[in-house]
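Residue-level listing of the chains:
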Amino acid sequence: MSNLQIKPKHLMTDAERVQDFQRKLYRKAKQDAKFRFYVLYDKIRLPHFLREAYRRCEANGGCAGVDGITFADVEVYGVEKFISEIIDELEAKTYKPEAVLRVYISKDDGKQRPLGIPTIKDRVIQMAVKLVIEPIFEADFEDNSYGFRPKRSAADAVREIKNNLLEGKCDVFDADLSAYFDTIPHKELMFLLAQRISDKNILHLIKMWLKAPVMEDGSPKGGKKNKTGTPQGGVISPLLANIYLHLLDKAVNRLDGNFHKYGIKIVRYADDFVLMAKKIPQESLIYLNCMFEKMKLKLNEEKSKMVSAREESFDFLGHTFRFSDDIYGRPFKYWNVEPSAKSQKKVRGNIKEYLKFNGHQPPRTVAKDLNAITRGWINYFTIKGVTYPSKAKRNLRHYLGKKLTRYYKRKSQRKCKLHNQGAFQVLVDKYGLIDPTKYTLNRHLVNA
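Residues numbered from 1 in each chain as written. Predicted model: local features only at pLDDT ≥ 70, side-chain atom pairs only at ≥ 80, totals over all residues. Heavy atoms only, no water.

Engineer: I'm lost on the packing of helix α9 (residues 186–194) against helix α11 (residues 237–253) in this one. Help?
Structural biologist: A packed helix pair is summarised by two numbers, namely the angle formed by the two axes and the spacing between the axes. At a minimum axis separation of 10 Å, α9 and α11 run at an interaxial angle of 90°. When the axis of α9 is compared with that of α11, the two are roughly perpendicular. In contact with Glu188, Leu189, Leu192 and Leu193 of α9, α11 contributes Leu240, Ile243, Tyr244 and Leu247. The residue inventory of the contact of α9 with α11, partitioned by class, reads 7 nonpolar, no polar and 1 charged. (Axes fitted to C-alpha atoms, helices over the stretch in contact; angles between N-to-C directions. Helix = DSSP H or I, 4+ residues; strand = E, 2+ residues; numbered from the N terminus. Parallel < 35°, antiparallel > 145°, perpendicular 65-115°, else oblique. Contact = heavy atoms within 4.5 Å. Nonpolar A, V, L, I, M, F, W, Y, C, P; charged D, E, K, R; others polar.)

As C-alpha cells, this is what we get:
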C-alpha cells in the first residue's frame with residue numbers, strides 16, 4: 001500500500017480544495033474531448049472558491065475600478081462580508097458587472113495601450129469563473145502555446161524557438177496581430193466556449209463581461225452594442241484570448257493541414273507568435289491570411305515580416321535571436337539569444353526615471369529600489385543553456401555606474417559622503433546593490 005494519504009476536505013486550505021477540484025475537471029476534460037460541462041455555476045458561489053479568487057486578485061494588486069473601491073477599502077469593510085454579499089448576488093442571479101474603467105499606458109514606440117480595469121468585485125467573480133473553466137480548456141490547448149497558462153512562461157517559448165533554430169527551422173514568419181484583444185468577435189468566441197461548457201449561467205456571466213460598457217473620460221461607451229473585444233486588464237481576458245487563438249494552434253498542428261505538410265511549427269505567447277520551418281512557402285502565408293479573415297482577425301502588415309534567421313536577427317518577447325560568429329574567433333557560428341536593444345533601453349529608462357525623481361533617499365533605499373528594477377529584468381533574460389546576456393549585463397553595470405556617479409555628484413553640494421568614492425561599488429559592497437555581472441539567479445542576498 002502507498003503511504004500517500006488523501007487529506008480530508010475539512011483539513012484542506014482554500015487553495016488545496018480549489019486545486020483538487022481543478023485536477024478532477026482536467027482529468028475528465030482530457031479523457032473526453034467532446035464532453036460538455038453542465039454544472040459549474042454552483043462552484044463559483046462556494047465560499048472557498050471566492051476566498052481563493054479574492055486572495056489571487058489581491059496578490060495581483062491593481063488600482064480601483066469605476067466605483068473607486070480599493071483592496072484596502074475591502075479589508076476595512078470586511079472580506080468575509082464582501083464575499084458573502086457576492087454569494088447572495090450570485091445565488092439570486094442579480095449580479096451585473098460595472099463598467100470597465102479605461103486607462104492608457106505608454107508603449108515604447110510612443111503610442112498608448114488601452115487597459116480595461118474592472119471593479120474589485122467583478123475581478124473576484126471573473127477569477128472564480130477562471131478557476132473553474134481554465135482546467136477544462138487547458139486539457140485542450142496545444143503544447144506550443146505559452147502565454148498566460150499555468151506552469152508555462154516566456155522562458156519556455158524562448159527555449160522552444162531556439163530548439164527550432166537548432167533543428168534548422170530558420171525561415172521565420174514574425175507575426176503581429178492588429179489590436180487582437182479589441183477585435184475578438186463575441187459570437188465566434190461564445191460558440192467556442194459552448195463547445196465545452198453547457199452551463200448557461202456561466203456563459204451568461206462571460207457574455208455580460210464582454211458586453212460591459214467602457215468608462216472613459218467620465219462617460220460610458222459601448223455596452224450591449226459591443227460585438228468585439230475583451231478588455232486587456234480583465235482577469236478572464238487572457239484565458240478568453242487563448243481560447244480563441246487555439247484555433248490557430250490547431251490549424252498549424254493538424255496532421256493533414258497545409259502547415260504540417262511543409263514542416264511548419266508555431267510558437268505562441270498570447271497574441272504574439274512566430275511560424276518556423278526550413279522553408280515557409282508563400283502558399284502557407286496566403287492560407288494564414290485566409291484563416292484570419294474567417295476568424296475576423298487581421299495581421300499587422302507593417303510589423304509582420306518574413307525573416308531568414310541565418311541572415312538577419314529577429315526579436316520575440318524582448319529577446320533578440322541572432323546567428324553570431326564565435327566570440328573566440330573559431331570558424332563556426334552559434335545561435336545567440338540576448339536581451340533586445342529595446343529591452344535594454346527600457347530598463348535603463350526605468351533606472352534613469354527612478355534616480356531623477358528620488359534625489360534624497362538613503363543609500364540603503366537607493367540600493368533596494370534599484371534592485372527591484374534590475375533583479376526581475378536579469379532573471380527574465382537569464383535562461384540556463386539558452387540565453388547569453390553577459391554583454392547586456394556588462395552594459396547595465398556600466399550604465400548604473402555612470403548614472404550613480406552623476407546622481408551623487410548632484411547631491412555633492414549637500415556634502416554627500418558617496419561623492420567621488422565610487423558610488424556604484426560602495427552601494428554594492430555596503431548596501432547590497434546588485435552587480436549585474438556577478439548576479440546569480442535567485443541566489444543574490446540583499447542587505448535589508
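Engineer: Just checking my understanding: could you explain the layout of surface pockets for this structure?
Structural biologist: Leftover empty space is mapped by rolling, across the atoms, a probe with the size of a water molecule. Within this model, the largest pocket holds a volume of roughly 1900 Å³. Lining the largest pocket are 50 residues, with Lys107, Arg113, Asp176, Asp272 and Lys342 positioned closest to its centre. Looking at the lining of the largest pocket, the element that brings in the most residues is helix α14 (residues 341–357), giving 5 residues. Its residues assigned to classes, the lining of the largest pocket comprises 23 nonpolar, 12 polar and 15 charged. (1 Å grid on protein atoms, 1.4 Å probe; cavity = no way out; pocket = protein on both sides within 12 Å on 5 of 7 lines; lining within 4 Å. Points joined across faces, edges and corners; volume = space filled by probe spheres on them.)

Engineer: Teacher, can you tell me more about a positive patch on the surface here?
Structural biologist: A grouping of Lys111, Arg113, Lys303, Lys342 and Lys346 is seen on the molecular surface, where their side chains present a positively charged patch. Counting through the fold element by element, Arg113 comes out in strand β2 (residues 112–117). (Patch = residues over 30% accessible without salt bridge, like charges linked within 9 Å, V, L, I, M, F, W, Y side chains within 5 Å. Areas by Shrake-Rupley, 256 points an atom, 1.4 Å probe, with all protein chains shown as cover. Salt bridge = Lys/Arg side-chain N within 4 Å of Asp/Glu carboxyl O. Lys, Arg positive; Asp, Glu negative; His and termini not counted. Charge placed at Lys NZ, Arg CZ, Asp CG, Glu CD.)

Engineer: Sorry, what's going on with the state of the cysteines here?
Structural biologist: Here a disulfide denotes one covalent bond, and it connects the sulfur atoms of two cysteines. Across all of its chains, the model carries 0 disulfides by this definition. We note that Cys63 lacks a disulfide partner, and the nearest cysteine sulfur, in Cys57, lies 13 Å from it. (Disulfide = S-S within 2.5 Å.)

Engineer: Before we go on, may I ask you to explain helix α1 (residues 14–31) in this structure?
Structural biologist: Between its first and last C-alpha, α1 extends 26 Å over 18 residues, near the 26 Å set by a 1.5 Å rise per residue. Buried residues in α1 make contact with α2 (41–44), α3 (47–60) and α6 (120–138). (Expected span 1.5 Å × (residues − 1).)

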